[in-house]
Amino acid sequence: MIGKHRLILEPREVPLGGVRGMNVLRALPHRNLPTIGAWCFLDRFGPADTKMRVEPHPHIGLQTVTWPLVGEIRHRDSLGSDADLRRGQLNLMTAGGGISHSEYSIGDDPIPLDALQFWVVLPEAARHGAAGFERHTELPALTLAAEEGADAQATVVLGEFAGVHSPATVHTPIVGAEIVLAPGSRVRLPLRSDWEHALMLVEGDTVVAEHPLDRNGLLYLGDSRDEVEVASDDGALLFLLGGEPFEDDIVMWWNFAGRTHEEIVAAREEWESESERFGVVAGHDVRIPAPPLPDVRLMPRSRKL
């Protein structure tokens, strides 16, 4: 068991590079913690007035979870999907053995934009499977009784929380849920003790398990907890993520989640050669080239907790 760890995973500013021209805050992966459950990546882009142009790029071995906070985003992929996304809705793309996609903000001018972007690593049984895309415009919500103040509201984005299940397809036991705390409230969030969890403060103020959390901070809670207390003076928006600890060693590089150096090399070569593996995203004349591989062999990211 991992135990009741408490570790703040401070986000770092990362340029997305290529022709994307955006900086993001990246909280996961962390040098000591490559995954939380099957969650292997967490970026926040925004809040900012920006013109988002993420040109076609490839993925293997993972799912992308886009959760907008402000603004609208247009998703297009090599399956022919073309979907706009706004607050309270979910775009879930499953890469399987290979897919490519683009993400644009709506319109030709800069707009207010803020969103969370997650990746979920796929287990062996699903990572070589068919690619897929889902858009969910209605997600289940529940109320959590407050010990003090008003009750909290939760939206189950992915997996299962407090007995409520998202309609989105998952391949591992997992939870992703947005929690809204009213000003002056104190609430106990139910957790599964055999899963590990973390909480991100998106907006407002909060104390989690008596630990103050800064905006964009991700507090890793470990496992062996059946609940955690959260409180807010002025109100807060939180995101809970977690799940069954992911046991497979993974090799992550660029937009790929594999198991070996050779898999990553092969995927990069196929993207650069414009093979059929990743398809074509309609409506684009530009695609993001793969960066050069490092001069060393890619190794699995090891957990130090």
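None of the values given here were measured: they were computed from a predicted structure.

(A) Spotlight on the overall build of the protein chain. Across its full length, the protein chain holds one helix and 26 strands. A globule of 305 residues ought to have a C-alpha radius of gyration of about 19 Å, and the protein chain, at 19 Å, matches this closely. Judged by the C-alpha coordinates and their principal axes, the protein chain covers about 60 × 45 × 30 Å. The buried share of the protein chain, taken over its 305 residues, is 55%. Looking at the protein chain, you have 28 positive and 46 negative side-chain charges, and the mean spots of the two groups are 3 Å apart.

(B) Seen up close, the sheet that holds strand β8 (residues 82–85). What the four strands build is an open sheet, ordered β5-β10-β7-β8; its pairing is antiparallel. The strands lining the two open edges of the sheet, one partner per strand, are β5 (53–59) and β8. Across this sheet, the average inter-strand angle for adjacent strands is 20°, counted without regard to direction. Sheet analysis places strand β7 (residues 73–77) next to strand β10 (residues 99–105), joined by five bridges and oriented antiparallel. In the sheet register, Arg 76 faces β10, and the bridge partner there is Ser 102.

(C) Structural context of unusual backbone geometry. Going from Leu 28 to Pro 29, the amide bond is cis rather than trans, its omega being 5°. Inspection of the secondary structure puts Pro 29 in the loop between β3 (23–28) and β4 (39–50). Geometrically, the link from Gly 46 to Pro 47 is a cis peptide bond, its omega value of 0° lying close to zero. Examined against the element boundaries, Pro 47 turns out to sit in strand β4.

(D) View of the side chain of Arg 127. For Arg 127, the location among the structural elements is in the loop between β11 (111–121) and β12 (132–136). If sequence neighbours within four positions are ignored, Arg 127 has contacts with Gly 61, Gly 96, Gly 97, Leu 122, Gly 258, Arg 259 and Glu 263.

(E) Structural context of the pairing of strand β22 (residues 218–222). Across the five residues of β22, five count as buried, placing the element largely inside the fold. The two faces of β22 match: Leu 218, Tyr 220 and Gly 222 on one face and Leu 219 and Leu 221 on the other face are all buried. Bridge count for strand β1 (residues 7–9) against β22 is three bridges, and the pairing is antiparallel. Paired with Ile 8 across the strands is Leu 219, a residue of β22. In this structure, strand β19 (residues 196–204) lies alongside β22, joined through four bridges in antiparallel fashion. Looking at the pairing, Met 200 lines up with Leu 218 of β22.

(F) Layout of the pairing of β10. Buried residues dominate β10, accounting for seven of its seven residues. Burial along β10 is two-sided: the residues Ile 99, His 101, Glu 103 and Ser 105 and Ser 100, Ser 102 and Tyr 104 are all buried. Across five bridges, β5 lies against β10 in antiparallel orientation. Residue pairing for β10: Pro 58 is matched across the bridge by Ser 100.

(G) Region of interest: helix α1 (residues 261–272). Its 12 residues place the ends of α1 17 Å apart at the C-alpha level, agreeing with the 16 Å of an ideal helix rising 1.5 Å per residue. Buried residues of α1: His 261, Ile 264, Val 265, Ala 267, Arg 268 and Trp 271, and no others. One side of α1 holds all its buried residues, which, seen down the axis, span an arc of 165°. Where α1 terminates, the next one or two residues include Glu 274, which has phi positive at roughly 55°.

(H) Quick peek at the pattern of salt bridges. According to the stated counting rule, one finds 18 salt bridges in the structure shown. Taking the shortest distance from any N to any O, the salt bridge between Arg 87 and Glu 178 comes out at 2.9 Å. Of the two residues, Arg 87 sits in the loop between β8 and β9 (90–94) while Glu 178 sits in strand β17 (residues 174–181), which places them 91 residues apart along the sequence. Take Arg 87: its relative accessible area is 36%, and that puts it in the partly exposed class.

Definitions and limits used
- Residues numbered from 1 in each chain as written.
- Predicted model: local features only at pLDDT ≥ 70, side-chain atom pairs only at ≥ 80, totals over all residues.
- Heavy atoms only, no water.
- Helix = DSSP H or I, 4+ residues; strand = E, 2+ residues; numbered from the N terminus.
- Rg over C-alpha atoms; globule rule 2.2 N^0.38 Å.
- Buried < 20%, exposed > 50% of the residue type's maximum accessible area, 1.4 Å probe, protein only.
- Lys, Arg positive; Asp, Glu negative; His and termini not counted.
- Charge placed at Lys NZ, Arg CZ, Asp CG, Glu CD.
- Pairing = 2+ DSSP bridges.
- Axes fitted to C-alpha atoms, helices over the stretch in contact; angles between N-to-C directions.
- Contact = heavy atoms within 4.5 Å.
- Expected span 1.5 Å × (residues − 1).
- Arc of directions from axis to C-beta.
- Salt bridge = Lys/Arg side-chain N within 4 Å of Asp/Glu carboxyl O.

Bear in mind that shape data such as this cannot, by itself, settle questions of function.
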